[in-house]
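A closer look at the structure
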Amino acid sequence: MIGDVLVIGNLVFGFSVLFLIFTLNWLLTTHKRWRQLPPGPNGLPILGYLPFIKGDFHENLTDLSHQYGKIFSVRLGQELFVVLSDHKLIREAFRKEEFCARPENTFSKILDGLGIINAEGKLWKDQRRFLHDRLRSFGIKHAGNGREMMEDRIMTEVEELIENLGSLNSAPVDLSTHLSCTVSNVICSMLMSVRFHHDDSKFKRFTHLLDEGFRLFTIMAAAAFLPFLRFLPGMSKAYTQICKNRDEIGEFFQQIVDEHRHSFSPDNVRDIVDAYLLAIHQAKEENRLDSLFEGRNPDKQIQQIIGDMFSAGSESVKTTLLWSIIFAIREQDKQKQVQEELDRVVGRSRLPSLDDLPHLPYTQAFILECMRRSTAVPLGTIHSTSRDSYLGGYLIPKGTQVVPLIHAVHMSETLWKNPKEFSPDRFIQDDTIHKPDYFIPFGVGRRMCLGDTLAKAELFLVFSSLLHVFTITATENEPLPSLKGHVGATVTPNKFLMCAIPRQIETIPKKEA
Ligand code: HEM
């Protein structure tokens, strides 16, 4: 009996010692790893630094970067973030494969790794290569044969925009709704040969669903840091609505895919949807459909690709154009300088074209300065690490969310003279454009923006055409539009009205339909 007690006692003692050793070892390892993390602010248990975030997230992070340096770590709820505010570090990180994953959270679970923006690994690599090649084949390239396909599609929309604004006879207008239609039509025509009128009920429903999606994602943002919040009543309602809207958008895209299937011909690839149908057709013939999208449903993949390309390709371009109009309104003398350059180089009898671009340094510089001063995507798109790695001498554990803080790079006092000042001249040296390597509006590295060539062409053609045909002013007796914006995935200007006053120009020849 005493023997039994002794044996049990020894066992309990042994397990306690083992437990203590394991706990101590775990604490020591955790502490050692914790000490290797980049420096950063302390937060509260469970919540981390979340309660201290006030106002705009990118401004908060920029303030912290001034305090903790070009690489710092911050815990937000359950998630560890590493924030990079130095262009060299961002480049160093994003050229490494292990920094190219996307965070796993409530949102990514809804998207299930489909599409391209949230895809990872082989699926992402294949999609990126595929889309890059197909976009080029539809003329989305800096130079060379076929570029006119892209230019024609954009100019069709520019001409309609000019006609709509002209018909207002200088009356105050909210440009945002018109631009939505312009930029949506450019990307939709390339993706799925669809164009909308801004009054079209289908287009209104579609943009409503996407806008609501962005709004609901903002409500749900806290659940990305503290997953249990998803089950609170308000959040759970937002979550259900996101899923419902996603299904409705999915059905809308599926209709388009089905229509394409009916008229599909492998010899006539009209757009990106057709390019995917061709890839599916070939995979079927070669008996490798199962591995085409890493086992995912092909229709669901096409739906998400349309959704990704549409949302990435419309909101950021529209936002940048709205900022460029705000700067044109606020800086009338610089607007005049653009117009004088356009008159000199393009003349008064036609609209600007991509061939004019190299001869219009001030117009280009104006657009670049808008992209710097009002960085449309201030936090880039958040990356995640697929394994433990080191950066700048610090440990970046697997699963860390890595933020390229583009806003801080573009507003750095050490890189830019008077960064708050709007000064296109900073991009001009000896009458030519000079882009420093710390100008990174499209991100850098392996996951850099896939649509930068299209975006640059759209920004130039829409902005220069508007200023060539109209003088843009604020509405009478109204304050100038604010430089403060609404922060979501992009920083969108607050609603403003403007007047488009026609300049003297000979009739603009219309492109044949
Ligand atoms: C002014 C306009 C635009 C800006 C400022 C912009 C900026 C960005 C940025 C900062 C990223 C994140 C890069 C990263 O993850 O490191 C990105 C990604 C992306 N952009 Fe853009 N973008 C613009 C227009 C476009 C257009 C027109 C398209 C489509 C044709 C597009 C398609 C994409 C896609 C698909 C990605 C994800 C790439 C990936 O995950 O591999 N973007 N963009």
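Residues numbered from 1 in each chain as written. Predicted model: local features only at pLDDT ≥ 70, side-chain atom pairs only at ≥ 80, totals over all residues. Heavy atoms only, no water.

**As for the sheet that holds strand β1 (residues 71-76)**
An order of β1-β2-β6-β3 is seen for the 4 strands of this open sheet, with the pairing classed as mixed. Edge positions in the sheet fall to β1 and β3 (383-384), since each has one partner strand and no second. Here β3 pairs with strand β6 (residues 401-404) via 2 bridges, running antiparallel. The residue of β6 that forms the bridge with Ser384 is Gln401. Strands β1, β2 (79-84) and β6 of the sheet are contacted by helix α2 (residues 57-68), whose axis makes an angle of about 130° with β1. (Pairing = 2+ DSSP bridges. Helix = DSSP H or I, 4+ residues; strand = E, 2+ residues; numbered from the N terminus. Contact = heavy atoms within 4.5 Å. Axes fitted to C-alpha atoms, helices over the stretch in contact; angles between N-to-C directions.)

**A few points about a nonpolar patch on the surface**
Together, Val7, Leu11, Phe15, Leu18 and Phe22 make up a nonpolar patch on the protein surface, roughly 540 Å² of accessible area in all. Among the secondary structure elements, Val7 is positioned in helix α1 (residues 2-36). Val7 sits in the partly exposed class, given a relative accessible area of 48%. (Patch = residues over 30% accessible without salt bridge, like charges linked within 9 Å, V, L, I, M, F, W, Y side chains within 5 Å. Areas by Shrake-Rupley, 256 points an atom, 1.4 Å probe, with all protein chains shown as cover. Salt bridge = Lys/Arg side-chain N within 4 Å of Asp/Glu carboxyl O. Buried < 20%, exposed > 50% of the residue type's maximum accessible area, 1.4 Å probe, protein only.)

**As for helix α14 (residues 332-346)**
Given a rise of 1.5 Å per residue, 15 residues ought to cover 21 Å, and the 20 Å separating the end C-alpha atoms of α14 matches this to within 8%. For α14, the full list of buried residues reads Lys334, Gln335, Val338, Gln339, Glu341, Leu342 and Val346. Within α14, the buried residues cover an arc of 160° as seen down the axis, which keeps them to one side. Relative to its buried face, α14 has exposed residues pointing more than 90 degrees away, namely Asp333, Lys336 and Arg344. (Expected span 1.5 Å × (residues − 1). Arc of directions from axis to C-beta.)

**As for the pattern of salt bridges**
Enumeration over the complete set of coordinates arrives at 24 salt bridges. For Asp126, the salt bridge goes to Lys122, with nearest N and O atoms at 2.8 Å. With Asp126 and Lys122 both in helix α5 (residues 121-137), this residue pair falls 4 residues apart, about one helical turn. Between Asp356 and Arg350 there is a salt bridge; the shortest N-O distance is 2.9 Å. Residue classification places Asp356 among the buried residues on the basis of a relative accessible area of 6%. Under the relative-accessibility criterion, Arg350 is labelled partly exposed at 29%. One salt-bridge network, held together by shared partners, links Lys122, Asp126, Arg129 and Glu294.

**Remarks on the coordination of the iron atom of the ligand**
Just one protein atom coordinates the iron atom of the ligand, and that atom is Cys449 (SG), at 2.3 Å. Looking at the secondary structure, you find Cys449 in the loop between β8 (432-433) and α17 (452-469). (Donors = N, O, S within 2.8 Å, 3.2 Å for Na, K, Ca; no water.)

**Points about the packing of aromatic side chains**
Here a ring pair, both rings aromatic, is described through the centre-centre distance and the interplanar angle of the planes. Inspection of every chain in the model, using the stated rule, returns 16 aromatic pairs. With a centroid separation of 6.2 Å and an interplanar angle of 35°, the aromatic rings of Phe196 and Phe206 are classed as tilted. You can see Phe196 sitting in the loop between α7 (175-192) and α8 (201-219) and its partner Phe206 sitting in helix α8, a full 10 residues away along the chain. Phe196 gets classed as buried once you look at its relative accessible area, which sits at 6%. Aromatic side chains Phe366 and Phe463 sit 5.1 Å apart centroid to centroid with 25° between the ring planes, which places their arrangement in the stacked category. Here the residue Phe366 occupies a position in helix α15 (residues 361-373), and Phe463 occupies one in helix α17, the gap between them amounting to 97 residues. Counting every residue linked through ring pairs, the aromatic cluster contains Phe196, Phe203, Phe206, Phe252, Phe253 and Phe310. In this arrangement the basic side chain of Arg372 is found over the ring face of Trp416, its NZ or CZ atom lying 5.3 Å from the centre. (Phe/Tyr/Trp six-rings, centres within 6.5 Å; stacked < 30°, edge-to-face > 60°. Lys NZ or Arg CZ within 6 Å of the ring centre and 35° of its normal.)

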